[in-house]
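Analysis of the macromolecular model
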Amino acid sequence: MALLPILHYPDPRLHTVAQPVAQVDDTIRTMVQRMLATMYDAKGIGLAATQVDFHQRLVVIDVSEERDQPLVLINPEVEWASDIKRKGEEGCLSVPGIYDGVERSLAVKVRALDEHGQSRLIEAEGLLAVCIQHEMDHLNGKVFVQYLSQLKRDRIKAKLLKAERDARRH
């Protein structure tokens, strides 16, 4: 299965708001498989379609230790989010090597379609809840660094652009 290139911050395409998936068909199921392969290869726990320049409301997640419990969320909608929030370290495949604290709801209930087009209600807490919120932000054109101060964002942008330039030189 061919891997997909992951967009890196500050690529403006990361700020595109994803459109709803009109129909769960073979094209979407193939994209799900390619996104899972890309996420596993990159050692991530979540990947939104926006991050691979596919601007439809599709997310893949696997927070299991064995990396064998993929969760597919198509057109996810938060039905409930806990008022209790906690700040936790987050990283992102689109912001390599950068980790910082982001405040998120401790638990969420999300309704989404699976890869078969079946509606599911996912009740999540802890790492899974954080991951779902993080990936859904991507579908809305938001990268986790946008929760940080302007100074931190500027430093991150400079660091990533320098790393990209250095990589092209070698």
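The following paragraphs examine the structure supplied in this document. No experiment lies behind these values; they were computed from the predicted model shown. (Residues numbered from 1 in each chain as written. Predicted model: local features only at pLDDT ≥ 70, side-chain atom pairs only at ≥ 80, totals over all residues. Heavy atoms only, no water.)

We now examine the side chain of Ser105. With respect to the secondary-structure elements, Ser105 resides in strand 5 (residues 95-105). Side-chain polar atoms of Ser105 contact the side chain of Lys85, separated by 3.4 Å. Setting aside residues up to four positions removed in sequence, Ser105 forms contacts with Ala81, Ser82, Ile84, Lys85, Ala129 and Gln133. (Helix = DSSP H or I, 4+ residues; strand = E, 2+ residues; numbered from the N terminus. Polar contact = N/O pair within 3.5 Å; in protein donor to acceptor, adjacent residues only side chain to side chain. Contact = heavy atoms within 4.5 Å.)

Here the focus is the pairing of strand 4 (residues 85-92). Note: strand 4 against strand 5, seven bridges, orientation antiparallel. Its bridge partner being in strand 5, Gly88 is matched across the sheet by Val102. The hairpin formed by strand 4 and strand 5 contains two residues between the paired strands. (Pairing = 2+ DSSP bridges.)

Moving on to the environment of Ile45. Residue placement: Ile45 occurs in the loop between helix 1 (26-41) and strand 1 (46-48). Considering only alpha carbons, one finds Ile45 and Pro70, 25 residues apart in sequence, at a separation of 9.3 Å.

Let's shift gears to the environment of Phe144. Within the element layout of this structure, Phe144 appears in the loop between helix 2 (126-139) and helix 3 (150-169). Taking the C-alpha atoms as reference, Phe144 lies 30 Å from His116; in sequence the two are 28 residues apart. For Phe144, the residues in contact, after removing those within four places along its chain, are Glu90, Gly91, Cys92, Val95, Ile98, Asp100, Val102, Arg104 and His134.

Let us now look at helix 1. Over its 16 residues, helix 1 runs 22 Å from end to end, which matches the ideal 22 Å to within 8%, given 1.5 Å per residue. Turning to helix 1, its buried residues number three or more, namely Ile28, Met31, Val32, Met35, Leu36, Thr38 and Met39. Buried residues in helix 1, looked at end-on, bunch into an arc of 165°, giving them a common side. Residues of helix 1 that are exposed and point more than 90 degrees away from the buried face comprise Asp26 and Asp41. As for helix 1, its buried residues are in contact with strand 1, strand 2 (58-61) and strand 3 (71-81). The backbone nitrogen of Thr27 lies 3.2 Å from a side-chain oxygen of the residue at the head of helix 1, namely Asp25. (Expected span 1.5 Å × (residues − 1). Buried < 20%, exposed > 50% of the residue type's maximum accessible area, 1.4 Å probe, protein only. Arc of directions from axis to C-beta.)

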